[in-house]
Amino acid sequence: MRGIALSGKVRFLDTTLRDGEQTPGVSLDMDEKLAIARGLDALGVQVIEAGSAITSEGERKSMKAVADSGLNAEICSFVRTLKSDVDLALQCDVDSVHLVVPVSDLHIERKLKSDRKTVFQNAIDVTEYAKDHGLVVELSGEDASRADLDFLTSIYRAGVEAGADRLCFCDTVGVLVPETTAAIFGKLSDLGAPISIHCHNDFGMATANTVAALRSGASQAHVTVNGIGERAGNASLEEVVMTLESLYKIKTGIRCEDLYQLSRMVSRMTGIPVAPNKSLVGENAFTHEAGIHVHGLLADTSTYEPLHPEQVGRKRRIVLGKHAGRASVELALKEFGISVTDDQLAQIVERVKELGDKGKRVSDADLQTIAEYVLSIQKEPKVRLQELTVVAGNTVTPTASVKLLLNGLEKLEAGTGVGPVDAAVNAVKRALCGVADVRLEEYHVDAITGGTSALVEVWVTMALADRKITARGAGADIIMASVEAVLEGINRLMQLEEEKKLA
Ligand code: MN
């Protein structure tokens, strides 16, 4: 028994700010590095690899700011086997260096144009140099998973003798599988220092391999938030932590309830979106739609959830959509205290599915307004369109005049806009000014068929006071379809407003 199997204690080196920042297109400024470092420190990671001191003056400034910010975590810089790299790391006030030594013959011969003997000697010399300058040294084998294990072991042993505090095994191109990982770590025993695992996700195995290594002798995992990193990324912090916590019942000491918040921050600052289906932190990870699942969830959340969303700082979301069944819609309506007849329920389900088919999520507010609309559908519309005239072209200001029948009275009004649709909608809004001050919050148009004679479908989100609804119009004429959608929205909002007053 070695590593976490022996001690029951796992350590994390987070490299979001170094390997994560090597994600194509990502560059973090000083404030962003500081904010992420503070988040990682609050989460409880032991080591933060803040960057690579050789990168640039700006990078060194950021790294120094992180190192000087008084965090509990050990702050680390990536360095190569060059004393000049160590000198630059020292300028940043870091506590430690992640000293990376290429160890596969492929890297030694093709990349470095060198040989094993030279690489070995450099590794030992720079380890001694870094130790002489008071740094903690994590001596790391790059491309270790494709290296000769005897050569790798000889570097590790000599490195520890030269003062290395920790060792690291890098699966640089992500070619390990869990069985191989376990077998290798079984052989890497009695090295004289704790060893880390650094995995890449080229085959989607980074988390599995990291956990396998931890279970077979490694005591520290290299991870990144959201699994960002070079190419397909690194082992993800949240996945490794929650796999250990939930599936292996190993306490990691990480504040798991802050994982989601940090994931959002890293996504925002790096500009790398998290896939909706990403485990634990993806938008859909705790979102349920299908009717039958909601049924089970209402009885017992563990029927369709392997862990509580609160454990990673999230909330369960139940959305209705095209898969919504009668049961889930009826249950959702009951939550709002709305009871309906079978016929009304069928109409509501139809409208929910219609919205769902448009790829829309049906929110609680949407469901309420749909229900309220269906329950009051028999009523006469308050506003009817009598006439609409629109003038547009390259030498005129788009202008529309509209005649509406409002509660039986004629209202005539005109409006201009940036285009004919805008002019028509403005004319309608002016005609209703003082009666119903509706706001058009969203406007979306789809061409259902091809060509300029295409049937178009317009979806609008309209608001009156604090109430919001989605309405639809369709036809071959985009202006008419838009006005139809807007009028439907206005009628529904006005009916709801009236019912509120009556109640
Ligand atoms: Mn890496």
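Criteria and cut-off values
Residues numbered from 1 in each chain as written. Predicted model: local features only at pLDDT ≥ 70, side-chain atom pairs only at ≥ 80, totals over all residues. Heavy atoms only, no water. Core = buried A, V, L, I, M, F, W, Y, C linked by side-chain atoms within 4.5 Å. Buried < 20%, exposed > 50% of the residue type's maximum accessible area, 1.4 Å probe, protein only. Contact = heavy atoms within 4.5 Å. Helix = DSSP H or I, 4+ residues; strand = E, 2+ residues; numbered from the N terminus. Lys, Arg positive; Asp, Glu negative; His and termini not counted. Salt bridge = Lys/Arg side-chain N within 4 Å of Asp/Glu carboxyl O. Polar contact = N/O pair within 3.5 Å; in protein donor to acceptor, adjacent residues only side chain to side chain. Domains from an automatic or database assignment. Pairing = 2+ DSSP bridges. Axes fitted to C-alpha atoms, helices over the stretch in contact; angles between N-to-C directions.

K.L.:
Which parts of the structure should I look at to understand the nonpolar core?
P.N.:
Side chains of nonpolar character tend, in soluble globular proteins, to be buried together. By size, the foremost hydrophobic cluster in this structure holds 84 residues, and its most contacted members are Phe12, Ile48, Phe169, Leu237 and Leu244. Non-local contacts of leucine 244, meaning those with residues more than four positions away in its chain, are made with Ile4, Val10, Phe12, Val211, Leu214, Lys249, Ile250 and Thr252. Core analysis: the next-biggest nonpolar cluster, separate from the first, contains 32 residues, Val383, Ala427, Ile469 and Ala485 among them.

K.L.:
In this structure, what is going on with the side chain of aspartate 171? I would like to understand it.
P.N.:
Structurally, the position occupied by aspartate 171 is in strand β6 (residues 166-171). Despite its burial, aspartate 171 remains without a salt bridge, the nearest opposite charge being carried by arginine 146 at 6.8 Å. Here the side chain of aspartate 171 touches valine 175 through a polar contact of 3.0 Å, landing on its backbone nitrogen. Of note is the side chain of aspartate 171, whose polar atom sits 3.0 Å from the backbone nitrogen of leucine 176. Excluding anything up to four places from it in sequence, aspartate 171 contacts Ser145, Leu176, His198, Cys199, His200 and Asn209.

K.L.:
Please explain the domain arrangement of the protein as it appears in this structure.
P.N.:
Size of an interface, as often reported, equals the accessible area lost when the parts are brought together. As far as domains go, the protein holds domain 1 (4-270), domain 2 (287-374) and domain 3 (383-502). The C-alpha centroid of domain 3 is placed 58 Å from the C-alpha centroid of domain 1.

K.L.:
Looking at this structure, how should I read helix α10 (residues 237-247)?
P.N.:
The periodicity of an α-helix, 3.6 residues per turn, causes residues three or four places apart in sequence to face the same way. Where burial is concerned, most of α10 is hidden: nine out of the 11 residues are buried. Those residues of α10 not exposed but buried are Leu237, Glu238, Val240, Val241, Met242, Thr243, Leu244, Glu245 and Ser246. Immediately beyond the C-terminal end of α10, within one or two residues, lies lysine 249, with a positive phi of roughly 55°.

K.L.:
What is the right way to read the pattern of salt bridges from this model?
P.N.:
Once their charged atoms are close, side chains differing in charge can pair, the charge on each being opposite to the other. Inspection of the entire model under this criterion finds 30 salt bridges. The partner of arginine 18 in a salt bridge is glutamate 49, and the shortest N-O contact between them spans 3.2 Å. Of this pair, arginine 18 sits in the loop between β1 (11-14) and α2 (30-43) while glutamate 49 sits in strand β2 (residues 47-52), and the two are 31 residues apart along the sequence. The same class applies to arginine 18 as to glutamate 49, namely buried. In this structure, arginine 116 and aspartate 105 form a salt bridge, with 2.8 Å as the shortest nitrogen-oxygen distance.

K.L.:
Just checking my understanding: could you explain the sheet that holds β1 for this structure?
P.N.:
Sheet strands line up and pair through hydrogen bonds in the backbone, either parallel or antiparallel. Pairing within the closed barrel is parallel, and its eight strands lie in the order β1-β2-β3-β4-β5-β6-β7-β8. Averaged over all neighbouring strand pairs, the angle between strand axes comes to 25°, with direction disregarded. Bridge count between strand β5 (residues 136-142) and β6: four bridges; the pairing is parallel. Following the sheet pairing, glycine 141 is matched in β6 by phenylalanine 169. Against the sheet, helix α9 (residues 206-215) contacts β6, β7 (195-199) and β8 (220-223), and its axis sits at roughly 170° relative to β7.

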